[in-house]
Every structure is written in structure tokens, then in C-alpha cells.
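Residue strings, one per chain:
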Amino acid sequence: MSASTRPAARRWRWWPRRSRWAQYIALFVVAATLVGVGLFGVRAYDQLMNYPTRAGRGDATPIAIEVPRGASFPQVLTQLTQAGVVPEDEALYFKLFVLHRGSASKVTAGAHTFRGDMTPEEILAELVRAQKAEEVRVTLPEGRNILEAAEILSAAGFGAPADILAVMRDPGLLKELGIDGPSVEGYLFPDTYKFPTKATVEQVLRRMVDQHRKVYAGLARSHREATLDLQRALGWGDREIVIMASLVEKETAAKHERPLIAGVFLNRLRFQSFQPKRLETDPTIIYGCTALVEKSAACQQFEGRIRRIHLRDPDNLYNTYTHEGLPPGPITNPGKAALEAVLAPKKSRFLYFVSRNDRTHQFSKTIAEHEAAVEKYMRQGAVGDGSAAGAAQDDG
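A brief report on the enclosed structure follows. (Residues numbered from 1 in each chain as written. Predicted model: local features only at pLDDT ≥ 70, side-chain atom pairs only at ≥ 80, totals over all residues. Heavy atoms only, no water.)

### A short note on the pairing of strand β4 (residues 192-196)
Where burial is concerned, the two faces of β4 differ: the one with Tyr193 and Phe195 is buried and the one with Thr192, Lys194 and Pro196 is not. Bridge count between strand β3 (residues 135-139) and β4: five bridges; the pairing is antiparallel. Residue pairing in the sheet places threonine 139 in a bridge with threonine 192 of β4. (Buried < 20%, exposed > 50% of the residue type's maximum accessible area, 1.4 Å probe, protein only. Helix = DSSP H or I, 4+ residues; strand = E, 2+ residues; numbered from the N terminus. Pairing = 2+ DSSP bridges.)

Listed below in C-alpha cells is the structure:
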């Protein structure tokens with residue numbers, strides 16, 4: 001029989017047989033290894049079970065950590081280990097503990113305070129603690145001027161009113177915002193906003209002005225022909241429209257009257273028969289006597305009520321009883337309805353109006369009709385707002 005045809009089993013005879021002592025030794029090593037692993041596993045399990053309530057190795061010194069918005073849990077864990085809140089050799093334990101609790105995605109951004117002796121339970125509780133609101137809600141109602149806006153922003157935590165007003169009048173900011181005037185008056189859009197609590201006054205004002213630009217641009221597109229007509233007839237640009245809207249805003253709180261009020265003011269400027277072209281509206285006098293940095297001598301005597309000295313005051317450039325046309329700037333911050341009223345005024349032949357003392361007005365076409373209305377609503381014991389020449393009648 002040739003070697004190639006021998007049974008395969010006979011080939012193994014050349015290999016030495018393993019001794020039984022070697023087998024015993026191998027079994028002993030395996031058994032010892034398993035026992036060691038088992039003991040290690042028990043200790044590890046015991047450590048994991050006791051880990052959540054075990055006090056940290058540090059002391060009670062406060063450790064402040066700012067968790068960035070959008071930070072991942074591994075990034076937060078790195079912050080904790082670098083600050084000594086979680087020992088580096090326990091980082092894995094803490095990670096497993098947090099993952100087991102399903103809290104890795106619940107860590108809140110913001111300021112957190114820890115101690116070196118905190119348990120993992122306490123560390124996690126601080127990590128997921130709800131933060132104080134990072135935003136503040138601010139509402140600027142329609143018809144508020146910069147003095148009132150500064151008070152509102154101050155109450156919201158953005159600084160003292162005087163400091164806020166200084167920013168509102170900052171020439172550098174006004175140039176950046178493209179406002180051709182002494183302040184942001186007229187361009188702080190009335191609305192409800194949410195601002196970061198850490199926002200600066202400049203950031204807040206930019207947001208309000210941006211909202212004004214956005215709303216105004218939409219109205220200008222919708223009333224393109226009207227804006228062109230005001231430019232052709234009166235030489236008005238965007239600023240003049242805003243100034244007129246501020247007058248309309250201050251003259252009436254009744255929204256349905258705004259287009260009619262705007263129409264009266266525009267009639268006074270457009271009708272050749274109406275001379276001199278004075279708008280004669282009380283709110284302009286009040287603004288000149290209260291909101292301007294430099295006030296006329298008469299305005300320095302202003303105590304909240306318009307008197308003859310104020311009606312006749314030529315040094316108050318905002319006095320529309322002594323100066324024709326629009327005042328130098330807006331007298332408040334108009335909302336969308338007032339802006340649109342100027343671009344879409346209600347056509348009429350009215351040239352006068354006076355308050356009925358119920359937040360609405362009586363409109364008249366002639367001075368005789370107006371004087372009768374003044375007699376009815378203002379001189380018989382009722383106190384009106386003197387709108388559009390009403391107060392002028394008291395001047396004799």
C-alpha cells in the first residue's frame with residue numbers, strides 16, 4: 001500500500017500526545033480566570049449600584065459652569081471633569097449613570113453651580129434643572145413716545161430710563177440705522193417682542209426699528225401709487241409719511257377714525273383755499289414741551305396743561321399752531337394702522353375736527369360748523385383734547 005493510500009488517521013501518530021498534567025494546568029488557569037472575572041464583575045456591579053448616592057471627593061466650594069446652548073452631553077461631561085465636579089477616573093461611571101436615567105438630552109443650557117462633594121444624583125439634578133427664562137417679553141403699545149418706551153424697556157430690565165434715552169439719541173446708532181433725526185422716535189414699531197435677557201439696548205432698538213422697516217416696506221408696496229402721489233403733490237418721502245402717521249396715532253384711539261383724521265390733515269396741506277397751512281394739533285405742542293432735550297422758555301413753564309403761552313410759542317418748533325406744515329419729526333411711534341391711514345386716507349371735504357369726549361370726533365367742513373361743534377363739546381362744561389384747532393378757539 002502506497003503512502004498516498006494510507007488511512008488519514010495514521011498521519012497523527014507522528015504528533016506527541018498532550019499529557020494529562022498539561023490539561024489539568026490549563027483547566028486551573030481557566031477556572032482561576034473565570035473566578036477573577038466574576039469577582040471583578042461583582043465589585044463593579046456593587047460600585048455601579050452605590051455610585052449614584054456616593055458623595056464626591058471634593059469640598060463644598062461652589063463651582064460655576066456655563067453650559068453652552070446646543071452642547072452635547074460628551075461636551076458637558078468634559079466641562080464637569082475639567083472643573084473637578086466629576087473625577088476623570090469616574091467619567092465612565094457618570095456617563096453610564098446618566099444614560100441609564102435617560103437624561104443625556106435633558107441637560108439645560110445656562111449657568112449651573114456645583115460642589116466637589118455632590119453625589120452623582122445631585123450633579124444630574126443640577127444639570128437638568130430648569131433655567132430662569134432667558135427671554136423677556138416686552139410690549140410697546142401704539143402711541144408711545146421715546147420717553148414712555150424708555151420706561152417700558154427699563155421695567156423689562158434693560159437699564160435706567162436716562163441711559164436708554166441716551167442710546168435712543170446716540171448719533172452713531174442713528175447713522176447706522178439710517179434715521180435722519182435726533183432720536184429713534186417714530187421708528188420703534190409698536191408690537192410685542194421677546195428679547196434675550198442679556199441683549200443690549202442697541203440690539204433691542206435695532207430689532208424694533210427693523211420691524212418698523214419691514215412693516216413700512218410692505219405698506220409702501222401695497223400703496224405704491226399713494227406714496228408716489230404724496231411725493232409728487234407734497235414732496236414727501238418715507239420720513240414725512242412717518243411724521244404724519246405719528247400725528248394721526250396721537251389724535252385718535254378709534255381705529256376707524258384714523259383714515260378720516262389723516263384725510264383732514266392732508267386736506268389742510270393740499271387745499272389751496274386753506275391758509276395758512278397750519279395743522280393745529282395739541283399733541284405736537286405737548287411733545288415739544290416734554291420730549292425734547294432743549295425746550296423753549298414757554299415749554300419750561302409747561303405743567304401738563306396747554307395754555308395760551310404754549311399756543312403762541314414760536315420757539316417750540318413742534319408747535320403746529322405757529323408753524324405751518326409738518327413738525328420737524330415724529331411725535332410718537334405709529335403702528336401699522338396709522339401708517340396705512342396716511343397711505344390710504346378717507347377722502348372728504350372736512351378741514352376741522354373736535355373731540356366729542358367719548359374717544360371719537362365731530363368733523364366739520366367750515367370754520368362756522370367747527371365753532372358750533374367746539375361750543376357744543378368743549379365750552380359747555382366738557383373737557384376735550386383740543387384736537388386740530390379746537391384749542392386754538394380758546395385762544396380767542
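### Things to note about a nonpolar patch on the surface
Side chains of Leu92, Leu96 and Leu99 sit close together on the surface and give an oily, nonpolar patch of about 290 Å² of accessible area. With respect to the helices, strands and loops of the structure, leucine 99 is situated in helix α3 (residues 91-101). (Patch = residues over 30% accessible without salt bridge, like charges linked within 9 Å, V, L, I, M, F, W, Y side chains within 5 Å. Areas by Shrake-Rupley, 256 points an atom, 1.4 Å probe, with all protein chains shown as cover. Salt bridge = Lys/Arg side-chain N within 4 Å of Asp/Glu carboxyl O.)

### Some details on the environment of isoleucine 286
With respect to the helices and strands, the residue isoleucine 286 is situated in helix α12 (residues 282-290). Taking relative accessible area as the criterion, isoleucine 286 reaches 34% and is therefore assigned partly exposed. Counting along the chain gives 18 residues from isoleucine 286 to glycine 304, while the straight-line C-alpha distance between them is 7.9 Å. If near-sequence neighbours (up to four positions away) are discounted, isoleucine 286 is found in contact with Phe302 and Ile306. (Contact = heavy atoms within 4.5 Å.)

### As for the packing of helix α5 (residues 146-155) against helix α6 (residues 161-168)
Close contact between α5 and α6 brings their axes to 9 Å; oriented N to C, the two are set at 125°. Accordingly, the angle class assigned to the pair α5 and α6 is oblique. By crossing handedness, the relation of α5 to α6 is classed as right-handed. Contacts from Ile146, Leu147, Ala149, Ala150, Glu151, Leu153 and Ser154 in α5 reach Pro161, Ile164, Leu165 and Met168 in α6. Here the residues of the contact of α5 with α6 are counted per class, giving nine nonpolar, one polar and one charged. (Axes fitted to C-alpha atoms, helices over the stretch in contact; angles between N-to-C directions. Parallel < 35°, antiparallel > 145°, perpendicular 65-115°, else oblique. Left-handed = near helix turned anticlockwise from the far one by under 90°. Nonpolar A, V, L, I, M, F, W, Y, C, P; charged D, E, K, R; others polar.)

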